[in-house]
Amino acid sequence: MLTDRREFLRKSMLAGGAVMASSMLPGFVHAATTHAVTILHTNDVHSRLDPFPMDGSKVQGQGGVAARASLIHDIRTKTSEVLLLDAGDIFQGTPYFNVYKGEPEIKAMSRMQYDAVTMGNHDFDAGLENFANQLRHASFPVLLCNYDFTQTPMEGKSQPYKVFKKGGVKIGVLGIGIELKGLVPDNLFGNTKYNDPVVAANATADLLKKKEGCDMVICLSHLGDKYEDNRLSDEILAKESYDIDLIIGGHTHRFFDVPRTYKNKRSSDVIVNQVGWAGLQLGRLDYVFSAEKNKNLVNANTVAIGKKPSD
Amino acid sequence: MKKTRYVPCVVMLVCLLAACTAKKHAVKLEYKDYEINKTYVPDTGVQQLLLPYRDSVNRAMGKTIGFTTKSLAKKMPESELGNFMADCMRVMASRRFNKTVDAGFVNYYGIRADLPEGNLVLGNIYMLMPFDNLIVLQQVKGNVLREFLNLVASKGGWPVSGIQMQITNKQAAGILVGNKPLDDNATYTIANSDYVANGGDEAQMLKPIPQETKGYLYRDALIEYIQELTRAGKPVSAVLENRVTYVN
């Protein structure tokens, strides 16, 4: 009996080891194997399902969810390791929202295979119950680690983070929401409890790196990139963070020319990016990861940034 | 004796686990912002998905909700369109909050279109008030209301309801609230958009004052107000009654 059990354990260990060995083999053979992951992102699309009308404005004919879907499809045919993310304010801004309260927005995003989103302040505009109801049409999770939705219609309908495995890279994505008081009418956010984003993001990122063993941590943030006054922003969060590698931002509708780089508390690079609003742009970040051993990396990691050559 | 047989296996497993958890690090990043435009052939699946929504939204925006007997445009210090909108702010706030509202205001720059002569469709109201501003109530002391009206005066005069005043040297003078002189020590209930009540358009004096809100969009109030007039057979209109005048 005892021998059988030992024999079983021995066999399963060997079998397990063999599986792991084979899966790790390329890594052993090529010490400097690199892994590529493409991150696509939007923010503050604000119910802009149709292109801007041809009314002579600067952005006439631009945007539109069908054109975006076609671009995303093109990219997916050339790159398999894609993560598609949105940093909130999906809702509000066109009559589509006034009439349908977000249903076509969520359906279109599910069709485009968004991997995860966070909530913006305007996603509360038709009430939390409506947002929760519209999630019936969502094939992606809503990530938030600093809102406590206990005793609200959103209770159990969001999660603090999600771990993705893309191209052999383990990526943890977490979500951060802005302070609602003063921004969103009290009756719309109800019992939602707002917790300090820096504390929540750092704790969640720590968990993702240490417990979940993630290689990269992405924060979806609706804080806004930066402000004239000392209001909490992506800039402040980046500098106050320890384990966040990338912040996909929103709220301030800023079109970045170049992703911004900050140093976190460990002197490692934190990248922040945002692509304006209204679905006028799709952001693309092509990351290359190295599995090369480098003792310094634990303390400080530097990312070389450059413009992607046109494809 | 038997135990030693497992040692190599365990060592191997530990090594493998260590290899598995060896972190990969981002070393390089290439970025690109794609402008979404007509060079991308619209995805037919998404087009199909949107079609019924688009048709019905367009139908809804084309729905006639009222009429005018002449075109209405905004003007400082007072206009028929402005008076109509400010009255709507005060009347609909009073009804929704079930309270007496002493005064209602509309920030001039928030009025984004004229109303044409003839039939009004829902789309006209979305163009007039594209912003999703909420109606909020605030209880303000007379001296704070005076400060706010001085701001309104300095900007050339915004639409007001329940208020009469003159503008002299960009200051509010001869202020009447509900036909009575403004009392600096009295408390007044005023209706504004949340944008203004939150300090927008330099209305800093209103920012610290608590707000009462019901998640009621000002645009929805305009639509309901117009639909009521229509049911009563009345056009969207207002008269000029010297609510705000320039006096030198």
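Since this is a predicted model, take the numbers as computed values, not measurements.

Chemist: Please set out the side chain of Thr192 of chain A residue by residue, giving values where relevant.
Modeler: Residue and element names in this part refer to chain A. Positionally, Thr192 belongs in the loop between α6 (186-189) and β7 (193-194). For Thr192, a relative accessible area of 8% translates into the label buried. Engagement of the side chain of Thr192 in a polar contact is seen with the backbone oxygen of Phe189, the distance being 2.6 Å. Excluding residues within four positions of it along the chain, Thr192 makes contact with Phe124, Leu128, Tyr147, Asp148, Phe149, Thr152 and Leu180.

Chemist: An account of empty space enclosed by the protein is requested, with residue identities and associated values reported.
Modeler: All names here are of chain A. Scanning the entire structure with this criterion turns up four cavities of 30 Å³ or more. At the level of elements, α2 (65-78) and α4 (103-111) are the ones that each hand at least two residues to the lining of the largest cavity. Top element by residues in the lining of the largest cavity is α4. It accounts for three residues. Split into classes, the residues belonging to the lining of the largest cavity amount to seven nonpolar, two polar and four charged.

Chemist: Residues and numbers for the sheet that holds strand β3 (residues 116-117) of chain A, please.
Modeler: Working definition: the strands of a sheet are paired by backbone hydrogen bonds and lie parallel or antiparallel to each other. In space, the six strands of this open sheet follow the order β3(A)-β2(A)-β1(A)-β12(A)-β1(B)-β13(A), with mixed pairing throughout. Where the open sheet ends on each side, the last strands, each with one partner, are β3 and β13 (304-307) of chain A. Note that strand β2 (residues 82-86) of chain A and β3 of chain A share two bridges and pair parallel. Its bridge partner being in β3 of chain A, Leu85 of chain A is matched across the sheet by Ala116 of chain A. Against the sheet, α2 of chain A contacts β1 (34-42), β2 and β12 (281-290) of chain A together with β1 (25-35) of chain B, and its axis sits at roughly 20 degrees relative to β12 of chain A.

Chemist: Any chance you could break down the sheet that holds strand β3 (residues 103-105) of chain B for me, citing the residues and the numbers?
Modeler: Residue and element names in this part refer to chain B. As summarised here, the arrangement of the five strands in space is β6-β3-β10-β5-β11, forming an open sheet in which the pairing is mixed. Of all strands in the sheet, those with a lone pairing partner are β6 (160-161) and β11 (212-217), marking the two edges. When β3 meets strand β10 (residues 187-193), the two strands line up parallel, connected through two bridges. Following the sheet pairing, Ala103 is matched in β10 by Ile190.

Chemist: Lay out the packing of aromatic side chains in plain terms, naming residues and giving numbers.
Modeler: What characterises a pair of aromatic rings is the spacing of the ring centres plus the angle enclosed by the ring planes. Summed over all chains, the structure comprises twelve aromatic pairs over all chains. Plain terms: the ring middles of Phe84 of chain B and Tyr225 of chain B are 5.4 Å apart, the flat faces sit at 45 degrees to each other, and that makes the pair tilted. Linking Phe84 of chain B in helix α3 (residues 80-97) with Tyr225 of chain B in helix α7 (residues 218-231), this pair joins segments that are 141 residues apart in sequence. Exposure class is identical for Phe84 of chain B and Tyr225 of chain B. Each is buried. Feature note: the residues Phe124, Tyr147, Phe149 and Tyr194 of chain A constitute an aromatic cluster, connected by ring pairs. It is Arg231 of chain A that lies over the ring of Tyr227 of chain A; its NZ or CZ is 4.0 Å from the centre.

About the criteria used
Residues numbered from 1 in each chain as written. Chains lettered and ligands numbered in written order. Predicted model: local features only at pLDDT ≥ 70, side-chain atom pairs only at ≥ 80, totals over all residues. Heavy atoms only, no water. Helix = DSSP H or I, 4+ residues; strand = E, 2+ residues; numbered from the N terminus. Buried < 20%, exposed > 50% of the residue type's maximum accessible area, 1.4 Å probe, protein only. Polar contact = N/O pair within 3.5 Å; in protein donor to acceptor, adjacent residues only side chain to side chain. Contact = heavy atoms within 4.5 Å. 1 Å grid on protein atoms, 1.4 Å probe; cavity = no way out; pocket = protein on both sides within 12 Å on 5 of 7 lines; lining within 4 Å. Points joined across faces, edges and corners; volume = space filled by probe spheres on them. Nonpolar A, V, L, I, M, F, W, Y, C, P; charged D, E, K, R; others polar. Pairing = 2+ DSSP bridges. Axes fitted to C-alpha atoms, helices over the stretch in contact; angles between N-to-C directions. Phe/Tyr/Trp six-rings, centres within 6.5 Å; stacked < 30°, edge-to-face > 60°. Lys NZ or Arg CZ within 6 Å of the ring centre and 35° of its normal.

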